[in-house]
Amino acid sequence: MTIARKAFAAFASVMALGAFAAQAETLSLGDFQSTSHIVSVEGTVKWMAAVEEATGGEIAFNHFPSQQAAKSKAQLDAVKSGILDAALLGASYHAETLPLNSIVGLPGYYGSAVQGTKALQAMLKEGPLRDEVLAAGVTPIFGFTLPPYQVLAKERLGPPADWAALDVRTSGATQAMTARDLGAVGISIPGPEVYTAVERGRLDAVLFPLASVLGYKLNEVVSHISVNGSFGGYSFIMVVRTELFDSLDADVQEAMISLGEETALHVAQAQDQSVEALIAQWTAEGIDTYSFTDEELMALTEAMAPVTDDWVTRMGGEQAQGVLATYRSLTSQ
């Protein structure tokens, strides 16, 4: 090969590398969960790896877990402003911007993470929940729910009479109403502080998803855990800034969404399976993992029914009624 040809070949290689680099995108992704949490291990991290592999490195991620880039309540603003490109949002942290998405917090509607996730995914594909997210300047890629919240306490709690005047840890305004309608007082305390609050007697009970109990070691400070209640839920939504998402190639967009659908179902299944194993472990450790009787469930459901009516009133109008009707139909399957 002549010197000229060698020079041209080298130049062509450099240009090809440059073209690839220009096409590649490294997205900064914010997350308020730790990398050891099941939501991160089986959800966020798994999805990022799948997207990187599927796009041959055209899309890569800089992951900022544990609120490293933005606090949990600031994740959405960080994406909108360009500080982050993407984020895993806890919908309840953004209730003012995403009020209709708080429907997942209503008690009594889904019985497993898989059931809740399938309903949420359907509602994020089209309709008011999706429109609400898009109006915030971000595009929903996938969403999933935690298993329904159960009650953890030092005493067995059954019908509403057992809950009278108890201080109960709740998550978000909707769950606070759930505690209120059961006769208790809802108290908002960050997850990392719940252990100490229970240990010192500041809290009488905790509403919490069982898949997350071990991460906060709450099984060490309670002696009774319900397993078949449905005291509301919690949803996560993976979002990408719309301006950025729209600039990506169509095949990249499709990969992110299709892999997101797979990840949403996977992390839901992983959580449900982990709950089964955790219940067995806690039972072996001497914790009373109990099921409400049919009579107790009926009394609890009746007491919590006004929460749904209050939610519709707060949301206002026909749209909220339509969202509720859709949610009911999807979670009754």
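Just so it is clear, the model here is predicted, and its values are computed rather than measured.

Student: How should I be thinking about the sheet that holds strand E2 (residues 59–64) in this particular structure?
Tutor: Adjacent strands of a sheet form backbone hydrogen bonds with each other and so pair up, either parallel or antiparallel. With mixed pairing, the five strands of this open sheet are ordered in space as E2-E1-E3-E10-E4. Strand pairing shows two members of the sheet lacking a second neighbour, E2 and strand E4 (138–145), which therefore form its edges. When the angles between neighbouring strand axes are averaged without regard to direction, this sheet yields 25°. Bridge analysis of strand E1 (residues 25–30) against E2 gives six bridges, and the strand direction is parallel. Looking at the pairing, Thr-26 lines up with Ala-60 of E2.

Student: Explain the packing of aromatic side chains here, please?
Tutor: Here the distance between the centres and the angle between the planes together describe a pair of aromatic rings. What the rule picks out here adds up to 13 aromatic pairs. The rings of Phe-32, Trp-47, Phe-61, Tyr-93, Phe-142, Phe-144, Tyr-234 and Phe-236 are connected pair by pair, giving a single aromatic cluster.

Student: Just checking my understanding: could you explain the nonpolar core for this structure?
Tutor: One broad rule of soluble globular proteins: the nonpolar side chains tend to lie buried together. The biggest cluster of nonpolar side chains holds 47 residues, and the ones touching the most others in it are Trp-47, Val-151, Trp-163, Phe-231 and Met-256. A per-element tally of this core places helix H10 (residues 250–284) first, with six residues. Ignoring any residue separated from it by four or fewer positions in sequence, one finds Met-256 in contact with Leu-27, Trp-47, Val-51, Ile-141, Val-240, Phe-245 and Leu-248. In terms of nonpolar packing, the next biggest core, distinct from the first, is built from 33 residues, Leu-98, Met-177, Val-239 and Ala-320 among them.

Student: Can you walk me through the packing of helix H6 (residues 172–181) against helix H11 (residues 294–315) in this structure?
Tutor: To describe two helices that pack against each other, one gives the angle between their axes and the distance between the axes. Here H6 crosses H11 at 145°, and the two axes come no closer than 8 Å. Regarding H6 and H11, the two cross each other, and that crossing is right-handed. Of the residues in H11, those in contact with Thr-174, Met-177, Thr-178, Arg-180 and Asp-181 of H6 are Ala-303, Met-304, Pro-306, Val-307, Asp-310, Trp-311 and Arg-314. Of the residues assigned to the contact of H6 with H11, the class counts are six nonpolar, two polar and four charged.

Student: Where do I start with the pattern of salt bridges in this structure?
Tutor: Oppositely charged side chains are able to pair whenever their charged atoms sit close together. All told, the structure shown has six salt bridges when counted by the stated rule. One salt bridge connects Glu-296 with Arg-156, and the closest N-O pair in it is separated by 2.9 Å. With Glu-296 in helix H11 and Arg-156 in the loop between strand E5 (149–153) and strand E6 (167–170), the pair connects residues that are 140 residues apart, well separated along the chain. According to the relative accessible area criterion, Arg-156 is partly exposed, its value standing at 31%.

Student: What should I look at first to understand unusual backbone geometry in this one?
Tutor: One can expect most non-glycine residues to show negative phi and most peptide bonds to be in trans. Phi at Gln-67 is positive, roughly 65°, even though this residue is not glycine. In this fold, Gln-67 is placed in the loop between E2 and helix H3 (75–81). You will see that Lys-217, though not glycine, has its phi angle at about 60°, which is positive. By the secondary structure assignment, Lys-217 is in the loop between helix H8 (210–216) and strand E9 (224–226). Residue class for Lys-217 comes out partly exposed when judged on its relative accessible area of 48%.

Student: In this structure, what is going on with helix H4 (residues 113–125)? I would like to understand it.
Tutor: Owing to its 3.6 residues per turn, the α-helix aligns residues three or four sequence positions apart on the same side. The terminal C-alpha atoms of H4 lie 18 Å apart, and with 13 residues this matches the ideal 18 Å at 1.5 Å per residue to within 8%. Burial analysis of H4 places ten of its 13 residues in the buried class, which makes it a mostly covered element. Looking at H4, one finds that the buried residues are Ala-113, Val-114, Gln-115, Gly-116, Thr-117, Ala-119, Leu-120, Gln-121, Met-123 and Leu-124. Note on H4: the residue one or two positions beyond its end, Gly-127, has a positive phi of about 110°.

How each quantity is defined
- Residues numbered from 1 in each chain as written.
- Predicted model: local features only at pLDDT ≥ 70, side-chain atom pairs only at ≥ 80, totals over all residues.
- Heavy atoms only, no water.
- Pairing = 2+ DSSP bridges.
- Helix = DSSP H or I, 4+ residues; strand = E, 2+ residues; numbered from the N terminus.
- Axes fitted to C-alpha atoms, helices over the stretch in contact; angles between N-to-C directions.
- Phe/Tyr/Trp six-rings, centres within 6.5 Å; stacked < 30°, edge-to-face > 60°.
- Core = buried A, V, L, I, M, F, W, Y, C linked by side-chain atoms within 4.5 Å.
- Buried < 20%, exposed > 50% of the residue type's maximum accessible area, 1.4 Å probe, protein only.
- Contact = heavy atoms within 4.5 Å.
- Left-handed = near helix turned anticlockwise from the far one by under 90°.
- Nonpolar A, V, L, I, M, F, W, Y, C, P; charged D, E, K, R; others polar.
- Salt bridge = Lys/Arg side-chain N within 4 Å of Asp/Glu carboxyl O.
- Expected span 1.5 Å × (residues − 1).

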